[in-house]
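Descriptive analysis of the structure
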Amino acid sequence: MSTIRYENLDVEYKMATGDSILDADLENGVEHTCDCGGNCACSTCKVTVISGAEFLSSQQEDEKDTLDAYGWNPDEYRLACQCIVEGEGRIVLNMPEPE
Ligand code: FES
């Protein structure tokens, strides 16, 4: 199991590895905008990773391209729909204000 914590929401839950952060958020009652339904096409699911990035799947070109296309720096943001939790650990995030 891994722990997901949203520092700015004061929300914390545990999840199994193998799911995306977006799916885990929605299953755990975290309100998370996802206009394209988790298809790496909108950027509304973006989060910032404070710690625990090593437990997440690496950022692929299509994720970088989508963030770039909407004006978000791929070095600062991840798309929650593209972040698969691969390792067991504590992942601390911030949820940006909705667009
Ligand atoms: S939900 Fe649209 S990019 Fe993640």
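Let's talk about the pattern of salt bridges
Enumeration according to the criterion identifies six salt bridges in this entry. The shortest N-O distance in the salt bridge between Arg 5 and Glu 12 comes to 3.3 Å. Across the pair Glu 63 and Arg 78 runs a salt bridge whose closest N-O atoms are separated by 2.8 Å. Of this pair, Glu 63 sits in helix α2 (residues 61-69) while Arg 78 is found in strand β4 (residues 78-79), placing the two residues 15 residues apart along the sequence. Residue Glu 63 shares its accessibility class with Arg 78, and that shared class is buried. A network of salt bridges, in which partner residues are shared, links Arg 5, Glu 7, Asp 10, Glu 12 and Arg 90.

Considering the pairing of strand β2 (residues 11-15)
Bridging between strand β1 (residues 2-6) and β2 involves five bridges; their strand directions are antiparallel. For Arg 5, the partnering residue across the bridge sits in β2 and is Glu 12. The antiparallel hairpin formed by β1 and β2 contains four residues in its connecting segment, where Asp 10 sits at a positive phi of about 55°.

The rules behind the values
- Counting restarts for each chain: residues are numbered from 1 in the order of the written sequence.
- pLDDT decides what is reported in this predicted model: residues at 70 or higher carry local features, side-chain atom pairs at 80 or more are listed and counted, and totals for whole chains, interfaces and linings draw on all residues regardless.
- Excluding hydrogens and water, the side-chain figures rest on all heavy atoms present in the structure.
- Salt bridge, as applied in this entry: a Lys or Arg side-chain nitrogen positioned within 4 Å of an Asp or Glu carboxyl oxygen.
- Strands are runs of DSSP state E lasting at least two residues, helices are runs of H or I lasting at least four, and both sets are numbered from the N terminus onward.
- Burial classes: relative accessible area under 20% of the type maximum marks a residue as buried, over 50% as exposed, and values in between as partly exposed (1.4 Å probe, protein chains only).
- One requirement defines pairing of two strands: DSSP has to find at least two bridges between them.

Honestly, that's just the spatial picture; any functional story needs more than this.
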